[in-house]
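# Structure assessment
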Amino acid sequence: MGNANNKPQQNPSSNQALEDEESSSEPFTCEICIEPVTLPNKKFINSNRCVHPFCTECMIKYIQVKLEDNLSAIKCPSLTCDHFLDPLSCHEKIGQQLFDKWCDVLCESALLGMDRVYCPNRDCSALVVNECGGNLSKCVCPNCKKLFCFRCKVGWHAGYRCEESGELRDHNDIAFGVLSERKQWMRCPTCRHCVELVKGCAIVRCR
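Residues numbered from 1 in each chain as written. Predicted model: local features only at pLDDT ≥ 70, side-chain atom pairs only at ≥ 80, totals over all residues. Heavy atoms only, no water.

As a further point, take the pattern of salt bridges. All chains considered together, the criterion is met by two salt bridges. Measuring nitrogen to oxygen at the nearest pair gives 3.6 Å for the salt bridge that ties E57 to K42. Here E57, found in helix α2 (residues 56-68), pairs with K42, found in the loop between β2 (36-37) and α2; they are 15 residues apart in sequence, far enough to count as distant. By relative accessible area, which is 30% here, K42 ends up partly exposed. (Salt bridge = Lys/Arg side-chain N within 4 Å of Asp/Glu carboxyl O. Helix = DSSP H or I, 4+ residues; strand = E, 2+ residues; numbered from the N terminus. Buried < 20%, exposed > 50% of the residue type's maximum accessible area, 1.4 Å probe, protein only.)

Its 13 residues give α2 an end-to-end C-alpha distance of 18 Å, which sits within 8% of 18 Å, the value for a rise of 1.5 Å per residue. Along α2, the residues that are buried comprise T56, C58, M59, Y62, I63 and L67. For α2, the angular spread of buried residues about the axis comes to 165°, placing them on one side. In this structure, α2 carries K61 and E68 as exposed residues pointing more than 90 degrees from its buried face. (Expected span 1.5 Å × (residues − 1). Arc of directions from axis to C-beta.)

To continue, consider the environment of I94. With respect to the element layout, I94 can be found in helix α3 (residues 87-94). Classification of I94 by relative accessible area gives buried; the value is 8%. Setting aside residues up to four positions removed in sequence, I94 forms contacts with I60, I63, F99 and W102. (Contact = heavy atoms within 4.5 Å.)

Inspection of every chain in the model, using the stated rule, returns one cavity of 30 Å³ or more. Here the largest cavity is characterised by a volume of approximately 50 Å³. Every residue lining the largest cavity is listed: F44, I45, N46, C50, H52, F54, M59, C76, P77 and L85. The residue makeup of the lining of the largest cavity, split by class, is eight nonpolar, two polar and no charged. (1 Å grid on protein atoms, 1.4 Å probe; cavity = no way out; pocket = protein on both sides within 12 Å on 5 of 7 lines; lining within 4 Å. Points joined across faces, edges and corners; volume = space filled by probe spheres on them. Nonpolar A, V, L, I, M, F, W, Y, C, P; charged D, E, K, R; others polar.)

Here we come to the environment of L88. On the secondary structure map, L88 appears in helix α3. When its relative accessible area of 64% is taken as the criterion, L88 is described as exposed. It is 8.4 Å that separates the C-alpha atoms of L88 and F99, two residues lying eleven residues apart in sequence.

Moving on to α3. By the burial criterion, the buried members of α3 are P87, C90 and I94. For α3, the buried positions fall inside an angular range of 60° around the axis, keeping them on one side. For α3, the exposed residues lying more than 90 degrees away from the buried face are L88 and E92. Contacts made by the buried residues of α3 are with α2 and α4 (96-110). Backbone geometry just downstream of α3 places G95 in the positive-phi region, at approximately 90°.

A probe matching the size of a water molecule, rolled over the atoms, marks out where space remains unfilled. By volume, the largest pocket amounts to about 450 Å³. Along its surface, the largest pocket is lined by 18 residues, and M186, C194, V195, E196 and V204 are the ones closest to its centre. Residue composition of the lining of the largest pocket, grouped by class: eleven nonpolar, two polar and five charged.

Ranked by internal contacts, the top residues of the largest apolar core, which has 22 residues, are I63, L67, I74, L85, I94 and W102. The set of elements that each furnish at least two residues to this core consists of α2, α3 and α4. Among the elements that take part in this core, α2 stands out by supplying five residues, more than any other. In this structure, W102 is in contact with I63, L67, S72, I74, L85, D86, P87, C90 and I94, ignoring residues within four places of it in sequence. (Core = buried A, V, L, I, M, F, W, Y, C linked by side-chain atoms within 4.5 Å.)

Spelled out as structure tokens, the structure:
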């Protein structure tokens, strides 16, 4: 037979949620704008990490400034607090556009130690990462599917070296480079004329 005096145990997480809801509805003074806030649910809550009184409007501006400086790990603005803001818990408060910007900055900061470039196509400019390592040259943008040179960060200069790619003048030069690459023509390292191997050995003496 059960004890009638025993009370059902409550979930600690639900208790914490109730406490947060009650504290967010209480009047407070924002430590950034030093303005009294009396409207309910205007207090910014840092995912139960810290409980410093900041209004949502000030925190949105604070996060915007940090993201403009490409800072992904954003600390609580309180001078005596070492806790960081949680992007997922801030999502509902800061809106989708600012949250997407935060995610982009987080991704870029995670790739700081990796070899990466932006697609030179003006209509794309997607971030491309050299995940395989090594000395990458010819590359296909995963976003716009266009070829470009990973080394010199321009459109793919078929048949030309990186130091020669800036000398391309017209479509004929580009077309000839594509043809020489497809035919596997080799260039003399001195005069840079193309040579096609028709027959015989691979040793060629430039004229």
